[in-house]
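If you want the building blocks of each chain, they are given just below.
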Amino acid sequence: MTADLFSPITMGDIKLANRMVMAPMTRNRADEHNAPHDLNTTYYQQRATAGLIITEASQVSAEGVGYPGTPGIYRDEQVAGWRKITDAVHAGGGHIFIQLWYCGRISHPDLLPDNRTPVAPSAIRPEGEATTLEGMKAFVTPRALEMDEIAGIISQYKHAAAMAKQAGFDGVEVHAANGYLIDQFLRDGSNQRTDQYGGSVENRMRMLNEVLDAVIAVWPSNRVGIRLTPENSFNSMSDSNPLEHFRYFISHLNARNLAYIHILEGDMVSKSINIDYRVLRDGYNGLYMANNGYDKARAEASLSNGDSDFVAFGIPFLANPDLVYRYQHDLPLNDANFDTLYGGAEQGYTDYPILEQTITEPG
Ligand code: PHB
């Protein structure tokens, strides 16, 4: 076998201790100012043996928010909270990227400054409901962004990227997935613009390219990753030809020398996989991170077939802070408690049992 899950991998100028990545997971446990705090530090510190942690999605501005209790990376107080987290992860030998997020139409006036209407490439209302402080409320029809507003959003990404540097992150992941703003531009079910941001694949990729230009003005490109979801229908998303369109997007990322592309394979909603990800992987000449429902056996098969370079695990890391140790020793896993995924405190967040300590620290 060429590479196993526990072998190191060189990503740009960073050496990751292993090929197990902690996937970004929204946990809604930031404080009332959308800042991370000590409880969040404990959570990430417990998981520092992952080769790389990608944080939960973190909004680049107050306008980018889409849920209560999610952290931001645009104010000094948030930077101070994240700094404790990055220090703790580094002290544990790990590496950590922050995922940069702007929710666009997956938001609600209740969550936005001055109760503004959420924005999107086109005024198409997603099906479903937003999570607000008063409970679930139907999504509203978003306002289509004017051309001259887009530069303001790009500068929010640039500011957030600079704040991420101050907070001590090793890099950033641009969240271009799962039906949030950049993905709303990429896929033709949500982008029906007729200007230079819509229509052709080239135009639909323009917003992403501008975000990448802005972020790469702050970070070396090999410290910037990107997450894509070609066929995830979550958040009311669709595309007329995911394989061909994402083949185009991915081939146009080749020239950027990014840290990696992170692909959520398949559809979270129907739990099916309908396109051949090997085609996308073979069209990319950098590191490919696979994600979505992997366990140890599937991850090892993926690495040994050359289908991926590293694998991001979500729920297994959520429920098993010592997942690397457990996989290494084929130990049983804790089950996740799905009632405590979003919001709350320690329970179902920092209280999952850690075997490593009981085994390596006898007495
Ligand atoms: C969620 O809150 O359910 C969520 C957030 C970000 C994602 C996916 C899901 O990328």
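Heads up: the structure comes first, above all this text.
Remember, it's a predicted structure, so these values are computed and weren't measured experimentally.

Our next topic: the pairing of strand S11 (residues 224-228). In terms of burial, S11 is a largely internal element, 5 of the 5 residues being buried. Here S11 shows two buried faces, one formed by Val-224, Ile-226 and Leu-228 and the other by Gly-225 and Arg-227. As paired strands, strand S10 (residues 171-176) and S11 are joined by 5 bridges and run parallel to one another. When the sheet's bridge partners are listed, Ala-176 is paired in S11 with Leu-228. Examined bridge by bridge, S11 and strand S12 (residues 260-264) share 4 bridges and lie parallel to one another. Residue Leu-228 lies in a different strand from S12, and its bridge partner there is Ile-263. On the question of chirality, the crossover connecting S11 to the parallel S12 by way of helix H7 (residues 242-251) is right-handed.

Phi is positive for Lys-271, close to 60°, though the residue is something other than glycine. Within the fold, Lys-271 resides in the loop between S12 and helix H8 (277-282). For Asp-330, which is not a glycine, the phi torsion comes out positive at approximately 50°. You can call Asp-330 exposed: its relative accessible area is 58%.

This next bit is on the side chain of Asp-183. With respect to the helices, strands and loops of the structure, Asp-183 is situated in helix H4 (residues 181-186). Dropping the residues within four chain positions of it, Asp-183 is found in contact with Ala-176, Ala-177, Asn-178, Ser-190, Thr-229, Met-237 and Phe-246.

Parameters and conventions
The written sequence of each chain sets the order in which its residues are numbered from 1. Totals for whole chains, interfaces and linings use all residues, but because this is a predicted model, local features are given only for residues with pLDDT of at least 70 and pairs of side-chain atoms are given and counted only at 80 or more. In computing side-chain properties, one takes all heavy atoms of the structure into account and sets aside hydrogens as well as water. Residue burial is assigned from relative accessible area. The probe radius is 1.4 Å, only protein chains are included, and a residue is buried under 20% of its type maximum, exposed over 50%, and partly exposed in between. Comment: elements are numbered from the N terminus, with helices defined as DSSP H or I runs of at least four residues and strands as E runs of at least two. For two strands to pair, DSSP has to find at least two bridges joining them. Handedness is read with the strands pointing away from the viewer; a crossover is right-handed when the path from the first strand over the helix to the second is clockwise. Here, residues are in contact when the closest pair of their heavy atoms is within 4.5 Å.

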